[in-house]
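Fold and contact review
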Amino acid sequence: MTSNDTRQGQAELSAARARGRSLYVTIFVFSFFVNLLMLTGPLYMLQVYDRVLGSRSEETLLALSVLVLVLFVAMGILDHARNRVIARVGARFQDALDQRVFQASVRRLTAVPNDTNALVAQRDLEAVQRYYSSPVHLAFFDIPWTPLFVGAIFVFHPVLGWLAVAGGMALILLTFLNRAVTQTPLNRANATGVHADHLADNLKAEAETVQALGMAQAGFSRWQKARSAALIANITAADLGGIFTVTSRTFRLFLQSAMLGVGAYLVLQGQLSAGAMIAGSILLGRALAPIEVLVGQWALVQRSQEGWGRLAVLLSAQPIEAARTPLPRPKALLEVHQLSVVPPGGTQAVLRMVSFGVQPGQAMGVIGPSGSGKSSLARALIGVWRPAGGHIRLDGATLDQYDADVLGGYIGYLPQRVALFDGTISENIARLGADADPAKIVLAAQRAAAHDMILKLPDGYDTRVSTLGGRLSGGQVQRIGLARALFGDPVLLVLDEPNSNLDNEGSQAVNHAIRATKAAGGAVLIMAHRPAAIQECDVLLVLEDGARRAFGPRDQVLRDMVQNHGEIARKAVPGGVA
């Protein structure tokens, strides 16, 4: 994506940063007084060496020392205050973008699975936040004072001033060299680290399969190879960055010593006082300190720049969706006309010119061989995959006329592979809603015939589960997933292979839920392989190679399209058991 294509994302990031404008004003004011108070040390040395030692006045020394103590305490308080403020700059930036980045990531991963920018978006946001809260960010408020300190050194003697200028230019050169040399290794380290973490997450998510198939050692070897590559890249980047950090620190110490040496020579020549010699060395250290901070923490700056760039790409690719006019709760009237669907990242349509309609109180079964487009149709019906052609209308409105969260409340969806989320069973049924009505949660579980099963668990509805389901069986997870689909009385229920992990009792529960939804005026669509799944269907849609082969009343379609119609009809008894 070109820079022009990322302008919208850049603008959003800049707007979030602008929320801290008032804090930046505060930091600027604090930085003004902190840097002004930084002159306390040099001026103290100047007075001690040039006045106190010459006059041998203890009273003057005491008065100066007390004054310096007060000024240093004030400087410390102000410096602590601006560090607290800069931490809130980063926090305010992240708070402004947390929801936006999260939603953009979810939408992007829905459209382009495994999109790198979306996978690491939260880490990128944290990287930018760490930069805005770090001392290296404060260094940019201190750098404008560097010319003032160097100018003060010029006041002492031009030779010392030019020495300070030469040292500063050398450190600035080191900063640019550091950026040029470490950028590629740092990018490689970040990329390999993300790959290793993604591989580890994938292996842990499929821990049961890995253990059952004896893949643990092979999986570890693969992860270790990726992790080793990440470690090598990190060490290479750290080594290169360390060279510049040590070089800059050593050079600054040498420069301060050189300042003392040249100053001593000028003192011997009678061109400089001893106090000015010491004060010049202290001023030089303060003038070069922010540049040294930049050199030492340049990896943080580069990581922030990299994160900023990826976030700009993500936010530009997934712009803020325009607010939609709220529509009344729709009837379960579904119309699909000439629907064509191209999967995210694909180039060929998996559904082509498919048309059908479902009326309120009706259930439609979708059958066909594997790869015929059943699950793709399900994803299109729930609004996850956008139509490449044609339209899907719910009660006359296309799906994109509804806000995504509002549409989700009207649709119940049971995917082939049910995923639970970290939390309680109650929270999972309630679709993670924080203020869900407990009565509605229990009602959904009862409609899915999962209530008694849940009560037998150690903590009932408050039993905690993980993304992997914990100790729950596949059938139990499926039943909880069905309860989640039924929560909130959706007008459209989409079931993708609902009987895949269910026993006889579970299959009966699915059929009962279908009947209840139809009786309430809802519509149900079932993507099916097993005969029991289409027992409650009124109409059937037959898909083949992504196209509609037949559509009509169930028995008529079975009679016309399926050779073993009689056998299927005999098997379509309650529970699906002949």
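My aim in this report is to walk through the structure given alongside it, one point at a time. These numbers were taken from a predicted model, which means no experiment stands behind them. (Residues numbered from 1 in each chain as written. Predicted model: local features only at pLDDT ≥ 70, side-chain atom pairs only at ≥ 80, totals over all residues. Heavy atoms only, no water.)

If you check helix 1 (residues 7-18), its first and last C-alpha atoms are 16 Å apart, about what 12 residues at 1.5 Å a residue would give, namely 16 Å. Those residues of helix 1 lying buried are G9, E12, L13 and A16. On an axial view of helix 1, the arc spanned by its buried residues comes to 95°, and they lie on one face. The elements touched by buried residues of helix 1 are helix 4 (58-111) and helix 13 (298-317). (Helix = DSSP H or I, 4+ residues; strand = E, 2+ residues; numbered from the N terminus. Expected span 1.5 Å × (residues − 1). Buried < 20%, exposed > 50% of the residue type's maximum accessible area, 1.4 Å probe, protein only. Arc of directions from axis to C-beta. Contact = heavy atoms within 4.5 Å.)

A word on the pairing of strand 3 (residues 363-367). For strand 3, the buried fraction is high: 5 of the 5 residues fall into the buried class. Neither face of strand 3 is open: one carries A363, G365 and I367, the other M364 and V366, and all of them are buried. Pairing of strand 3 with strand 11 (residues 539-544) involves 4 bridges; the strand directions are parallel. What sits directly across from I367, in strand 11, is V542. (Pairing = 2+ DSSP bridges.)

Here we take up the environment of S281. Tracing the sequence through the fold places S281 in helix 12 (residues 274-296). Counting along the chain gives 24 residues from S281 to S257, while the straight-line C-alpha distance between them is 7.6 Å. Sequence-distant contacts of S281, defined by excluding residues within four places in its chain, comprise Q256, M259 and L260.

In contact at an axis separation of 10 Å, helix 2 (residues 21-37) and helix 7 (residues 135-142) are set at 65° when each is read in the N-to-C sense. The orientation of helix 2 relative to helix 7 falls into the category roughly perpendicular. You can see that helix 2 and helix 7 cross each other, and the crossing is right-handed. Contact residues: helix 2 offers Y24, I27, F28, S31 and N35, while helix 7 offers H137, L138, F141 and D142. Considered class by class, the residues forming the contact of helix 2 with helix 7 number 5 nonpolar, 3 polar and 1 charged. (Axes fitted to C-alpha atoms, helices over the stretch in contact; angles between N-to-C directions. Parallel < 35°, antiparallel > 145°, perpendicular 65-115°, else oblique. Left-handed = near helix turned anticlockwise from the far one by under 90°. Nonpolar A, V, L, I, M, F, W, Y, C, P; charged D, E, K, R; others polar.)

The subject of this paragraph is the side chain of T424. Secondary-structure assignment places T424 in strand 7 (residues 423-424). With residues near it in sequence (within four places) discarded, T424 still touches Y461, D462, T463 and R464.

Looking now at the pattern of salt bridges. Oppositely charged side chains are able to pair whenever their charged atoms sit close together. Applying the stated criterion across every chain, the model contains 17 salt bridges. As a salt-bridge pair, E536 and R515 come within 2.7 Å of each other at their nearest N and O atoms. Of this pair, E536 sits in the loop between strand 10 (523-527) and strand 11 while R515 sits in helix 20 (residues 504-519), and the two are 21 residues apart along the sequence. Classification of E536 as buried rests on a relative accessible area of 11%. Using a relative accessible area of 39% as the deciding quantity, one classes R515 as partly exposed. A network of salt bridges, in which partner residues are shared, links D79, R82, D142 and R286. (Salt bridge = Lys/Arg side-chain N within 4 Å of Asp/Glu carboxyl O.)

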